[in-house]
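Fold and contact review
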Amino acid sequence: MRAIVHEQFGEPEDVLHVHERPTPEPGPGQVRVRTTLATIHNHDLWTVRGTYGFVPELPAASGTEAVGVVEALGEGVEALAIGDRVVAGGVFGVWAEQFVADARALIPAPVGLPDEAAAQLVAMPFSAISLLHDLSLEPGQWLVQNAANGAVGRMVAQLARARGVRVVGLVRRREAVDELREARIDDVVATSEAGWRDRLEAITGGAAIAAGVDSVGGSAAGEVLEVVGDGGTLIVFGSMDVPVLELPVGELIFKQKSVRGFWGSAVSRRMEAAVRQRLFAELAERITAGDLTLPVSSTHPFDDIRDAVRASLTPGRVGKVLLRP
């Protein structure tokens, strides 16, 4: 089979390429899936660079989320059948024509959900809804997030609105405010503009902001922390800019704010099966109702992996970049 691999860590557009590998055979409790579409996530690219929480052995496979069709069953697998359409999230090595996964790690693709949406159902949407579940915000409470025009930022805003939670988004460019408004996401402030904090307060009506989400790092994390209300929580979701946080100490000591990290993979592993199932059911419901949109920026064949990576890294991109075998 053909798979996208790398023999060394480095910039993905430099080190990723297509290579012939033996077709994997499923072991007990596993299935083999033929890939239909796979998604490029930022954490996939960080893994290729060797800078993520998971560091694979070299030479390494790549990719963690895909939709495909079950084509072979290992011993003892009863919950799935050959021909079932399934979604794999957090399964390493899915940027391949075929991959093997534990049957219990796969999710039946919701009936009627297009492959383009199913291919990106788990990592970002499930992280977004898990984040909201983790925060336990009540309808009417306020959440502030930066990188509001990113994939997760858009999903958090859409899912929160469907739950009645208010979200104010922070972006860097004025143009991003207009882009989000076109996507029916309002209450967004550009931090590059003078008086943006006054604009934020006008949006919330002076109501306390219960929690903040930082996906940028550096001084941007401090900006979020400063607008969170006393006793509130800053969730560190990512670090697009720099891997350090610049936080005003007074916000933590005198205003009793707290800071903690959020890693979707770890949260998902700890989550009770019933809760996980309920959240996935909510995702399917929100997508079907049009409350949650999963746009696609572009789709590329495996052989164009380097162009696909460059497309994924393009600033201002709207929607995920997908790979097709």
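Residues numbered from 1 in each chain as written. Predicted model: local features only at pLDDT ≥ 70, side-chain atom pairs only at ≥ 80, totals over all residues. Heavy atoms only, no water.

Counting secondary structure elements, the protein chain contains 12 helices and 15 strands. Taking 2.2 N^0.38 as the reference for a compact globule, 325 residues should give roughly 20 Å; the C-alpha atoms of the protein chain span a radius of gyration of 20 Å, in line with that estimate. Its C-alpha atoms give the protein chain principal-axis dimensions of about 60 × 40 × 35 Å. By the burial criterion, 50% of the 325 residues in the protein chain qualify as buried. (Helix = DSSP H or I, 4+ residues; strand = E, 2+ residues; numbered from the N terminus. Rg over C-alpha atoms; globule rule 2.2 N^0.38 Å. Buried < 20%, exposed > 50% of the residue type's maximum accessible area, 1.4 Å probe, protein only.)

With that settled, consider the pairing of strand S12 (residues 233–236). The two faces of S12 match: Thr233 and Ile235 on one face and Leu234 and Val236 on the other face are all buried. Of the pairings in the sheet, the one linking strand S11 (residues 209–214) to S12 comprises 4 bridges and is parallel in character. The residue bridging Ala211 from the neighbouring strand is Thr233, located in S12. One crossover worth recording links S11 to the parallel S12 by way of helix H8 (residues 219–227), and it is right-handed. By the bridge criterion, 4 bridges tie S12 to strand S13 (residues 258–261) in an arrangement that is parallel. Of the residues in S13, the one forming a bridge with Leu234 is Val259. (Pairing = 2+ DSSP bridges. Right-handed = clockwise from strand over helix to strand, strands pointing away.)

A few words on the side chain of Ser130. Relative to the helices and strands, Ser130 resides in helix H4 (residues 123–135). Dropping the residues within four chain positions of it, Ser130 is found in contact with Phe262, Val267, Met271 and Leu279. (Contact = heavy atoms within 4.5 Å.)

The geometry of helix H7 (residues 196–204) relative to H8 is characterised by a closest axis approach of 12 Å and an angle of 40 degrees between their N-to-C directions. Judged by the angle between their axes, H7 and H8 are oblique. Of the two possible hands of crossing, H7 and H8 adopt the one that is right-handed. Counting all contacts with H7, which are made through Trp196, Arg197 and Leu200, the residues of H8 involved are Glu223, Glu226 and Val227. When its residues are assigned to classes, the contact of H7 with H8 shows 3 nonpolar, no polar and 3 charged. (Axes fitted to C-alpha atoms, helices over the stretch in contact; angles between N-to-C directions. Parallel < 35°, antiparallel > 145°, perpendicular 65-115°, else oblique. Left-handed = near helix turned anticlockwise from the far one by under 90°. Nonpolar A, V, L, I, M, F, W, Y, C, P; charged D, E, K, R; others polar.)

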